[in-house]
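Take a look at the letters that make up each chain.
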Amino acid sequence: MSDPAKTRRHAERVRELVASLVREIKDPRLGMVTVTDARITGDLREATVYYTVLGDPTEQAATQAALESAKGMLRTRVGHALGLRHSPSLAFVLDNVQDHAKEIDDLLAEARQRDQEVQRLAAGKQYAGDPDPYKSDDDEDDAPDTERVGAREDQG
């Protein structure tokens, strides 16, 4: 098991290397690829590369096939660049950042719409009950009892 900082550095290096090497792939199926992240196991033997592709699902599938066919070349070049005894095996995972961002935007829009509806319903309304429900009418209970304090001093 290696150091977590060393693992992070290797993962970042794998991400940078794969991003630069993808430009060298001459496969016509390869679309506009952006490498978003890479993670590597603690033993530095397996790396997962996350990427996005601009285009529809058919272009994404074609890009996945192109990356799978170039996996051997990428693994060799990454292994040599990292200088490890064993080149890490690469797995490519499509990162649907655009879909997640759209889903989050939709949820935020829905929340804004609900907030506006609540504000519309609350306009001109008043709270039920007294303005200060914790205020008591007995103010003398809050004042210190000077009679009792004086009585104790007389006894002592």
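Located above this text is the structure these notes cover.
One structure accompanies this document, and this report is about it. (Residues numbered from 1 in each chain as written. Predicted model: local features only at pLDDT ≥ 70, side-chain atom pairs only at ≥ 80, totals over all residues. Heavy atoms only, no water.)

## Brief notes about helix α1 (residues 4-22)
In a regular helix each residue adds 1.5 Å, so 19 residues correspond to 27 Å; α1 covers 27 Å between its end C-alpha atoms and thus fits that length. Of all the positions in α1, only Thr7, His10, Ala11, Val14, Leu17, Val18, Leu21 and Val22 are classed as buried. What you see down the axis of α1 is that its buried residues fit within an arc of 130°, all on one side. Away from its buried face by more than 90 degrees, α1 exposes Arg8 and Arg9. The secondary structure elements touched by the buried residues of α1 are β1 (32-40), β2 (46-54), α2 (57-69), α3 (71-82) and β3 (89-94). (Helix = DSSP H or I, 4+ residues; strand = E, 2+ residues; numbered from the N terminus. Expected span 1.5 Å × (residues − 1). Buried < 20%, exposed > 50% of the residue type's maximum accessible area, 1.4 Å probe, protein only. Arc of directions from axis to C-beta. Contact = heavy atoms within 4.5 Å.)

## Describing the packing of aromatic side chains
The full count for this structure, using the stated rule, is one aromatic pair. On the numbers, 6.4 Å between centres and 75° between planes, the contact of Tyr51 with Phe92 is edge-to-face. One end of the pair, Tyr51, is in strand β2; the other, Phe92, is in strand β3, and 41 residues separate them in sequence. Looking at Tyr51, the relative accessible area reads 1%, which means it is buried. (Phe/Tyr/Trp six-rings, centres within 6.5 Å; stacked < 30°, edge-to-face > 60°.)

## Considering the pattern of salt bridges
Tallying each qualifying case throughout the model produces nine salt bridges. Taking the shortest distance from any N to any O, the salt bridge between Asp37 and Arg39 comes out at 3.3 Å. Ionic pairing is found between Glu110 and Arg114, a salt bridge with its closest N-O pair at 2.8 Å. Of this pair, Glu110 and Arg114 both sit in helix α4 (residues 97-122), four residues apart, roughly one helical turn. By relative accessible area, Glu110 is classed as partly exposed at 35%. On the basis of relative accessible area, Arg114 is assigned to the exposed category, the value being 55%. (Salt bridge = Lys/Arg side-chain N within 4 Å of Asp/Glu carboxyl O.)

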